[in-house]
Amino acid sequence: MKLLPHILLMCLALALAWAQGKHQNQPGHQNQPGHQNQPGHQNQPGHQNDHQHHAAVLDRCKGLEMDAVAENEERIPYFFKGDHLFKGFHGKAELSNKSFAELDDHHHLGHVDAAFRMHFEDDPAHHNHMFFFLDNKVFRYFQHKLVVGFPKDISEVFPGIPDHLDAAVECPKSECGTDSVIFFKGKDIFHYNLKTKAVEKKAFASMPNCTSAFRFTEHYYCFHGHQFSKFDPKTGEVHGRYPKEARDYFMRCSKFREGGDHLERERCSRVHLDAITSDDAGDIYAFRGHHFIRKDDNDTLTSNTIENTFRELHSEVDAAFSYQDHLHMIKDNQLFVYKASEPPTHLAGYPKPLKQELGIDGPIDAAFVCQDHHILHVIKGRDMYDVDLRATPRVPTNKRPISLLKKVDAAMCGPDGVKVIRGSHFYHFESVMQFVAARALPEQHRVSLELFGCDH
């Protein structure tokens, strides 16, 4: 009988140990701030096989601190958090091993420490490859396929660069003087020369420690928590009003808070536009998520929520075009029409089915009418259609493929030609015919800088 208390105590200890282990595998536990960047914390020998992917639904609009950010070969930004991945500026999270299975096969993925897409045009064998860093290993991918021989030790691929990194970002010679990669670990900054493999250690005194870093539209961003700062890649200097809220500029989270400078956010956002059009008076309306920005013929900019001004639409416009002093908005399979006044006036009887009004089913990527014409040009996927707006009934004709761009976000037509918007850039064509017939893309222009006067 004397052994009974000891047996009971042993059972209690085992139960507590089991409960503690179960708690550590609960969603979100392994990625608590202060734990995820500890060297080897999640992958200690003997423990990595116990890792279970959690099924929690991650919400990028809850102020997540991303572990790594990098563009893929098609320049779509990938945001990594724990064992999950967000593709693009909106949408739900998915498990990282869905796109990069080997990260899990070799490592039982807990989180990605750092990531970048290599910019090294002088070496086509490495250019546009993606690199992921996990503890002391580096994985190299091309078109989502692991390159033979990887993963390898970081010291083998990037000699002189430490393990357990915080962030990494590529820096081409046009911006850094040499084709380089900038690695971050705590306050230490390492500039790695891709050609000579020389390492220059620096300190970016004016910049906070980066939890991830990102090169986007030739600018450099250090993410710290759910904020970010734009920095000079050579000196680390931060100019302008920083830090800023990542959910304002890099994610479609327009309703996560009521405060903030909506005009500043919308004109300088890195998130692509949903739709854009110019009315008969020359005023430009650009739509993104729950907000729109208006630029009048005096270049005065204003911003408001779509719900306040176009109440019937609520948010998320797919395409927009102007015709006979009316703004036409396409959302899903419906067409909304507003009189182009200040404020715009909703026409009674709308919305109407898109199929009934234009003879085409949604979703539509872009639509525009050029001045003094009655032909609506509709872009749907990789094809363009023409719809004669004077005809009854209206039907799509002249279907032809678009070979230059895999995806169009928005387009508009004005006196100087057609602007086709993809991501944070637009391409200018003198005519619709030139856009369809062109064999190569013209020079890129930045949407925020060229259209809305934002230079940061």
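First things first, this report covers the structure right here in the doc. Sequence positions are assigned chain by chain, starting from 1 and proceeding in written order. Note on the predicted model: pLDDT of at least 70 is required for a residue's local features to be given, and 80 or more for side-chain atom pairs to be given and counted; whole-chain, interface and lining totals, by contrast, use all residues. To get the side-chain values, take all heavy atoms of the structure and skip hydrogens and water.

1. Some thoughts on the overall build of the chain
Definition in use: Only DSSP runs of H or I with at least four residues qualify as helices, and only runs of E with at least two residues qualify as strands; both kinds are numbered from the N terminus onward. In what follows, a contact means two residues having at least one pair of non-hydrogen atoms within 4.5 Å. Using a 1.4 Å probe, the Shrake-Rupley method yields the accessible areas, and only the shown protein chains count as cover for residues.
Along the backbone of the chain there are 10 helices and 34 strands. Look at the contacts in the chain between residues 6 or more apart in sequence, and 44% of them connect residues 24 or more apart. For the chain, the accessible surface area stands at approximately 21500 Å², while carbon and sulfur atoms represent 51% of it.

2. What to know about the pattern of salt bridges
Threshold: Here, a salt bridge means any Lys or Arg side-chain nitrogen found within 4 Å of an Asp or Glu carboxyl oxygen. For the exposure calls, accessible area comes from a 1.4 Å probe over protein chains only, and a residue counts as buried if that area is under 20% of its type's maximum, exposed if over 50%, partly exposed in between.
Evaluation of the coordinates by the stated rule reveals 20 salt bridges. The partner of Arg294 in a salt bridge is Asp283, and the shortest N-O contact between them spans 2.8 Å. Here the residue Arg294 occupies a position in strand 20 (residues 291-295), and Asp283 occupies one in the loop between strand 18 (275-278) and strand 19 (284-288), the gap between them amounting to 11 residues. Accessibility classification places Arg294 together with Asp283 in one group, the buried group. Note that Lys407 is salt-bridged to Asp365, the shortest N-O span being 3.6 Å. Within this pair, whereas Lys407 is found in the loop between strand 30 (396-401) and strand 31 (410-414), its partner Asp365 is found in the loop between helix 8 (354-358) and strand 27 (366-369), the two being separated by 42 residues in sequence. Since its relative accessible area comes to 34%, Lys407 is described here as partly exposed. Overall, the relative accessible area of 17% leaves Asp365 in the buried class. Linked by salt bridges that have partners in common, Asp365, Lys407, Asp409 and Arg422 make up one network.

3. As for unusual backbone geometry
Going from Phe150 to Pro151, the amide bond is cis rather than trans, its omega being 10°. Position of Pro151 relative to the elements: it lies in the loop between strand 8 (145-146) and strand 9 (152-153). Residue Pro393 is bonded to the preceding Thr392 through a cis peptide linkage, with omega at -5°. Mapped onto the fold, Pro393 is located in the loop between strand 29 (383-388) and strand 30. Within the chain, Asp332 stands out as a residue other than glycine whose phi angle is a positive 60°. Positionally, Asp332 belongs in the loop between strand 23 (326-331) and strand 24 (334-339).

4. Some points on the sheet that holds strand 20
Formally: Note on pairing: two strands pair once DSSP finds at least 2 bridges between them. To define axes, lines are fitted to C-alpha atoms, for helices over the stretch in contact only, and angles between the resulting N-to-C directions are given on a 0 to 180 degree scale.
If you trace the 4 strands from one edge of the open sheet to the other, you get 18-19-20-21, paired in antiparallel fashion. Both outer strands of the open sheet, strand 18 and strand 21 (301-305), are each paired with one neighbouring strand and no more. On average, each strand axis in the sheet is inclined to that of its neighbour by 15°, with strand direction left out of account. Pairing between strand 20 and strand 21: 5 bridges, direction antiparallel. Its bridge partner being in strand 21, Arg294 is matched across the sheet by Thr302.

5. Some words on the state of the cysteines
This is how the line gets drawn: Criterion for a disulfide: a pair of cysteine sulfur atoms at a distance within 2.5 Å.
Enumeration over the complete set of coordinates arrives at 3 disulfides. Covalent S-S linkage joins Cys210 and Cys222, the inter-sulfur distance amounting to 2.2 Å. An S-S torsion of about -120° defines the bridge between Cys210 and Cys222 as left-handed. With Cys210 in the loop between strand 13 (199-202) and strand 14 (212-216) and Cys222 in strand 15 (residues 219-224), this pair connects stretches of sequence that are 12 residues apart. For the pair Cys210 and Cys222, a shared accessibility class is recorded, and that class is buried.

6. A short note on the packing of aromatic side chains
Each pair of aromatic rings is reported with the distance of its centres and the angle of its planes. Here is the rule we go by: For Phe, Tyr and Trp, rings pair up if their centres lie within 6.5 Å, where Trp contributes its six-membered ring, and each pair is then called stacked (planes under 30 degrees apart), edge-to-face (over 60) or tilted (otherwise). Criterion for a charge above a ring: Lys NZ or Arg CZ within 6 Å of the ring centre, and within 35 degrees of the ring normal.
If you walk through the whole model with that rule in mind, you get 38 aromatic pairs. With 5.4 Å between their ring centres and 20° between their planes, Phe214 and Phe216 make a pair best called stacked. Three or more aromatic residues link up through ring pairs in this structure, and these residues are Phe79, Phe89, Phe214, Phe216, Tyr221, Phe223, Phe228, Tyr242 and Phe250. Lying across the ring of Phe150, Lys152 places its NZ or CZ 4.8 Å from the centre. It is Lys352 that lies over the ring of Tyr350; its NZ or CZ is 4.7 Å from the centre.

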